[in-house]
Amino acid sequence: MEELWEQNPFSLNHQEKTKYYENRILELTKKHAEGCAPYAKLLRKFDFSIEKTHKIEDYPFLPVRLFKESELKSVGDEEIVKTMTSSGTSGQQVSKIYLDKATSTNQTKALVKITSEFLGKNRLPMLIIDSKSVVKNRKLFSARGAGILGFSMLGYNVTYALDENMNLDFDTVYRFLEKHKEENIFLFGFTFMIWEHFYKALAEVNHSVDLSRGILLHGGGFKKLESQAVDNETYKRELKRVCGIEKVYNYYGMVEQTGSIFMECEHGRLHASNFSDILIRNPKDFSMCKKGEKGLIQLVSVLPESYPGHSILSEDVGEIIGEDDCPCGRWGKTFKIYGRIKQAEVRGCSDTYERK
């Protein structure tokens, strides 16, 4: 792992990444086989040998739903420093992800390393498009609250744009922008929340908010905006219209692999960094899909050491666009997402919020 911290997070080409991952994923598979009895049992059922290296696509993967149904950890309870839970609407089970100090630290380091490629090396004044009450509400903390606190480490003078009633607090936003009018601004929020409570508020009034120096990171997916016919391009165009912001980056990630997020570049492609890889599988037989074929997204990460989350099968549908060929110059695979597979549980940070 040490060599990854020294490099640009998008510096490994196909050959270099394949070589590194074959060794690292075997190392993690052995570790989890030794420390997690249910995972070891699964490997035995597949008659999978951990005495030799394999192609990345040949390692067994865990369906993401297993983390809701089983307690999967590879270290003793005394080593657990944090338990992350996924988002879910009322009545749904949530994933429980057990982190030791090393895994938690590496997740944080990877998040900083990846996002600094888009935000710059220095921390920026940060405007969160959400309410401060979210981080105090234990019911929402696992999803929105945890995401907000995680990304808050990347900024300073952290300010919340919405009041406790989820209304846009214009006075607070104006004071924040006046204080930092000569600086670039880091904005963070969840896709649906930004549209519902920030964009619509700006579109409905005559207030002028200049965010031309802003850099917005948002995640959570467009599922709840489909009924409003809002896609990624519409989202960016409308935000630019109401506040002048041009740098808007979507990201893809999940609590089961916190830290190794996939950032959208300037050309609209989601990127796998050095810390993660992506495979696409046919949902009927789980065979590998070719470039350009839609299928279930499999996520591979080199970070999880305290739980067997290094290779998981999501319930999201996507396709590989290319590898080492993005016009932005970053190496690694690029891909797009089409949403969740039909009949899958609704989940995502924005989905824990229901407008009343």
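Refer to the preceding data block for the structure.
All of the points below concern the structure found in this document. (Residues numbered from 1 in each chain as written. Predicted model: local features only at pLDDT ≥ 70, side-chain atom pairs only at ≥ 80, totals over all residues. Heavy atoms only, no water.)

## Overview of the environment of Gly120
For Gly120, the location among the structural elements is in the loop between helix 5 (101-119) and strand 4 (124-131). A residue is classified by how much of its surface remains accessible, and Gly120, at 31% relative accessible area, is partly exposed. When the C-alpha atoms of Gly120 and Lys333 are compared, they prove to be 22 Å apart, with 213 residues separating the residues in sequence. (Helix = DSSP H or I, 4+ residues; strand = E, 2+ residues; numbered from the N terminus. Buried < 20%, exposed > 50% of the residue type's maximum accessible area, 1.4 Å probe, protein only.)

## A few points about the side chain of His310
Along the chain, His310 falls in the loop between strand 12 (295-301) and strand 13 (311-323). Only 3.1 Å separates the side chain of His310 from the side chain of Thr29, close enough to count as a polar contact. With near-sequence residues (within four places) excluded, His310 lies in contact with Ile25, Leu28, Thr29, His32, Tyr39, Gln257, Leu299, Val300, Ser301 and Pro304. (Polar contact = N/O pair within 3.5 Å; in protein donor to acceptor, adjacent residues only side chain to side chain. Contact = heavy atoms within 4.5 Å.)

## Notes on helix 5
Taking 1.5 Å per residue, 19 residues should reach 27 Å; helix 5 reaches 26 Å between its end C-alpha atoms and fits that length. Of the positions making up helix 5, those classed as buried are Thr103, Ser104, Asn106, Gln107, Ala110, Leu111, Ile114, Thr115, Ser116, Phe118 and Leu119. Downstream of helix 5 by a residue or two, Gly120 has a phi angle that is positive, lying close to 95°. (Expected span 1.5 Å × (residues − 1).)

## Digging into the pattern of salt bridges
As enumerated under the stated definition, the model contains 16 salt bridges in all. For the salt bridge of Arg340 with Asp316, the shortest nitrogen-to-oxygen distance reads 2.6 Å. Here the residue Arg340 occupies a position in strand 14 (residues 333-340), and Asp316 occupies one in strand 13, the gap between them amounting to 24 residues. Its relative accessible area of 6% is what places Asp316 among the buried residues. (Salt bridge = Lys/Arg side-chain N within 4 Å of Asp/Glu carboxyl O.)

## Section: helix 8 (residues 191-204)
Between its first and last C-alpha atoms helix 8 spans 19 Å; for 14 residues at 1.5 Å apiece the expected length is 20 Å, and the two agree. Burial analysis of helix 8 places 11 of its 14 residues in the buried class, which makes it a mostly covered element. Among all positions in helix 8, only Thr191, Phe192, Met193, Ile194, Trp195, Glu196, His197, Phe198, Tyr199, Ala201 and Leu202 are buried.

## Let's talk about the packing of aromatic side chains
Applying the stated criterion to the full structure yields 18 aromatic pairs. Between Phe151 and Tyr251, the ring centres sit 5.2 Å apart and the planes meet at 40°, which makes this aromatic pair tilted. A residue pair is termed long-range when its members are at least 10 positions apart, and Phe151 in helix 6 (residues 138-152) and Tyr251 in strand 8 (residues 247-252) qualify at 100 residues. The interplanar angle of 40° and the centroid separation of 5.9 Å between the aromatic rings of Tyr252 and Phe262 together place this pair among those described as tilted. Residue Tyr252 is located in strand 8, and its partner Phe262 is located in strand 9 (residues 262-264); the two are separated by 10 residues in the primary sequence. Judged by its relative accessible area of 8%, Tyr252 is buried. Residue classification places Phe262 among the buried positions, given a relative accessible area of 1%. Aromatic rings pair up to connect Phe151, Phe188, Phe190 and Tyr251 into one cluster. The ring of Tyr98 has Lys73 sitting right over it, with the charged end atom 4.7 Å from the ring centre. The cationic tip of Arg330 hangs over the ring face of Phe10; the distance from NZ or CZ to the ring centre is 5.9 Å. (Phe/Tyr/Trp six-rings, centres within 6.5 Å; stacked < 30°, edge-to-face > 60°. Lys NZ or Arg CZ within 6 Å of the ring centre and 35° of its normal.)

## Focus on the pairing of strand 3 (residues 96-100)
Taken across its five residues, strand 3 has four buried, putting it largely inside the fold. Note that strand 2 (residues 80-85) and strand 3 share five bridges and pair antiparallel. In the sheet register, Met84 faces strand 3, and the bridge partner there is Ile97. (Pairing = 2+ DSSP bridges.)

## Thoughts on the packing of helix 8 against helix 9 (residues 232-243)
Here helix 8 crosses helix 9 at 35°, and the two axes come no closer than 10 Å. Viewed along their axes, helix 8 and helix 9 form a crossing whose handedness is left-handed. Between helix 8 and helix 9, the contacting residues are Thr191, Ile194, Trp195, Phe198, Tyr199, Leu202 and Ala203 on the first element and Thr234, Tyr235, Glu238, Leu239, Arg241, Val242 and Cys243 on the second. The residue makeup of the contact of helix 8 with helix 9, split by class, is 10 nonpolar, two polar and two charged. (Axes fitted to C-alpha atoms, helices over the stretch in contact; angles between N-to-C directions. Left-handed = near helix turned anticlockwise from the far one by under 90°. Nonpolar A, V, L, I, M, F, W, Y, C, P; charged D, E, K, R; others polar.)

## Let's talk about the environment of Lys73
Structurally, Lys73 is set in the loop between helix 4 (66-69) and strand 2. Sequence separation between Lys73 and Leu303 is 230 residues, and the spatial gap between their C-alpha atoms is 14 Å. With residues near it in sequence (within four places) discarded, Lys73 still touches Gly35, Cys36, Tyr98, Ser306, Tyr307 and Pro308. At 3.5 Å, the side chain of Lys73 forms a polar contact with the side chain of Glu71. Of note is the side chain of Lys73, whose polar atom sits 2.5 Å from the side chain of Asp77.

## Overview of the packing of helix 2 (residues 14-35) against helix 3 (residues 37-45)
Here helix 2 crosses helix 3 at 115°, and the two axes come no closer than 6 Å. Helix 3 is crossed by helix 2, and the crossing has left-handed handedness. When helix 2 is examined against helix 3, the residues Thr29, His32, Ala33 and Gly35 are found in contact with a partner set consisting of Ala37, Tyr39, Ala40 and Leu43. The residue inventory of the contact of helix 2 with helix 3, partitioned by class, reads five nonpolar, three polar and no charged.

## Quick notes on the side chain of Arg24
Relative to the helices and strands, Arg24 is located in helix 2. We classify Arg24 as buried; its relative accessible area is 5%. In this structure, Arg24 is in contact with Met1, Val302 and Glu305, ignoring residues within four places of it in sequence.

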